[in-house]
Amino acid sequence: MIKTFVIHVSKGYEDRRAHMDQHLPKHGIVDYEYMLRGDIDDLSESVRSEFFTNDLRLAEKSCFYKHYLVMKRVVDESIPQVLVLEDDALLVDNFTQKLSLSLKELEGKECYFANIEDAATSVPYSYRKPNQTLYPCSTNKLCGGYVYDLAFAEKLVSFIESEAVDAPIDGFIGNENERLGYSIYWCQPPLVSQGSKSGLFASELNGAKSGLYYQFKGFFKHFYRRNILSNLSKKQKKLFIRG
């Protein structure tokens, strides 16, 4: 199985860790590692000033730094390919088998970031092809689940260590692909959703609340954006590159 890291806040989110420790093995992932470093309490003033501008909130800086620390591990250990999940991830049935189809499509490619998350937008129907799971896109969406290679990690680590960033991790990856020269792909159908987006978990990062009401509200809100707006919006369609 592909090397797997889970982004996790070590204090106050024990319910999420319990969720992941039950959920991942059920879906075929038994060898994974938590990124516990980078909590808000761990962010020294030197780290904050070296890596970030004042445009980001502390929670955003902590989240970004954890994702960066995973990339740093990939570079330091020369890990060829990695799967990264946030700690509220919900995996689809037969996750490992479906992920293997996307990994096969990435064979022979270099310097890529493949977003496998089900977010508020999706690949328009007019771009989808039978037996294809990955579609080139000019931007990113959320970072609840994704795959990248060593070449991508090397470029991002080098940039992050040389210039203070001013955007959250998901926006940063979507903003810098042309300048840094990496390819972004969206997985369709997606393989991961975030419990904090559906109402299963509350989130300090985006202010999301948990509970049945928010699960119900989130379902219909995301259904409309994914299945209707994504296919009607000309702006959304322009994000994708026909192969």
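Whatever comes next refers back to the structure up there.
In what follows, the accompanying structure is described. Since this is a predicted model, take the numbers as computed values, not measurements.

Re the pattern of salt bridges
Working step 1: What the rule picks out here adds up to ten salt bridges.
Working step 2: Put simply, Lys-72 and Glu-161 hold a salt bridge, and the shortest N to O gap is 3.1 Å. With Lys-72 in helix 3 (residues 58-76) and Glu-161 in the loop between helix 5 (150-160) and helix 6 (169-175), this residue pair connects regions lying 89 residues apart in the sequence.
Working step 3: Since its relative accessible area comes to 27%, Lys-72 is described here as partly exposed.
Working step 4: Overall, Glu-161 belongs to the partly exposed group, its relative accessible area being 35%.
Working step 5: With a closest N to O distance of 2.9 Å, Glu-176 and Arg-179 form a salt bridge.
Working step 6: Salt bridges sharing common partners tie together Lys-3, Glu-33, Arg-73 and Glu-77.

As for the nonpolar core
Working step 1: Grouped together as the largest cluster of nonpolar side chains are 46 residues, with contacts concentrated most on Met-71, Tyr-148, Leu-156, Ile-160, Phe-172 and Ile-173.
Working step 2: Aside from chain neighbours lying at most four places away, what touches Leu-156 is Met-71, Phe-172, Ile-173, Leu-180 and Tyr-182.
Working step 3: Listed in part, the 24 residues of the second largest apolar core include Ile-2, Leu-106, Ile-116 and Val-192.

Focus on the environment of Leu-69
Working step 1: Mapped onto the secondary structure, Leu-69 falls in helix 3.
Working step 2: Overall, Leu-69 belongs to the buried group, its relative accessible area being 5%.
Working step 3: Taking the C-alpha atoms as reference, Leu-69 lies 9.8 Å from Ile-7; in sequence the two are 62 residues apart.
Working step 4: The residues touching Leu-69, leaving out its near neighbours within four places in the chain, are Met-35, Arg-37 and Gly-38.

Observations regarding the state of the cysteines
Working step 1: Overall, the coordinates contain zero disulfides when judged by the stated rule.
Working step 2: Looking at the unpaired Cys-143, the closest cysteine sulfur is the one in Cys-63, lying at 7.6 Å.

Some details on the sheet that holds strand 6 (residues 134-137)
Working step 1: One open sheet accounts for seven strands, arranged 2-1-3-7-5-8-6; its pairing is mixed. Unpaired on one side and paired on the other, strand 2 (33-35) and strand 6 mark the two borders of the sheet. On average, adjacent strands in this sheet sit at an angle of 30° to one another, irrespective of strand direction.
Working step 2: Where strand 5 (residues 112-115) lies against strand 7 (residues 145-149), three bridges are found, and the strand directions are antiparallel. Residue pairing across strands places Phe-113 opposite Tyr-148, the latter belonging to strand 7.
Working step 3: Relative to the sheet, helix 5 contacts strand 5 and strand 7, its axis offset from that of strand 7 by approximately 95°.

A closer look at the environment of Ser-62
Working step 1: With respect to the helices and strands, Ser-62 occurs in helix 3.
Working step 2: Separated by 24 residues in sequence, Ser-62 and Gly-38 place their C-alpha atoms 5.6 Å apart.

A look at helix 1 (residues 14-26)
Working step 1: With 13 residues, helix 1 extends 19 Å from end C-alpha to end C-alpha; this agrees with the ideal 18 Å at 1.5 Å per step.
Working step 2: At the exit of helix 1 stands Gly-28, carrying a positive phi of roughly 90°.

Focus on helix 4 (residues 95-106)
Working step 1: Taking 1.5 Å as the rise per residue, helix 4 with twelve residues should run 16 Å; its terminal C-alpha atoms sit 17 Å apart, in good agreement.
Working step 2: In the stretch just after helix 4, Gly-108 is the one whose phi turns positive, near 90°.

Parameters and conventions
- Residues numbered from 1 in each chain as written.
- Predicted model: local features only at pLDDT ≥ 70, side-chain atom pairs only at ≥ 80, totals over all residues.
- Heavy atoms only, no water.
- Salt bridge = Lys/Arg side-chain N within 4 Å of Asp/Glu carboxyl O.
- Helix = DSSP H or I, 4+ residues; strand = E, 2+ residues; numbered from the N terminus.
- Buried < 20%, exposed > 50% of the residue type's maximum accessible area, 1.4 Å probe, protein only.
- Core = buried A, V, L, I, M, F, W, Y, C linked by side-chain atoms within 4.5 Å.
- Contact = heavy atoms within 4.5 Å.
- Disulfide = S-S within 2.5 Å.
- Pairing = 2+ DSSP bridges.
- Axes fitted to C-alpha atoms, helices over the stretch in contact; angles between N-to-C directions.
- Expected span 1.5 Å × (residues − 1).

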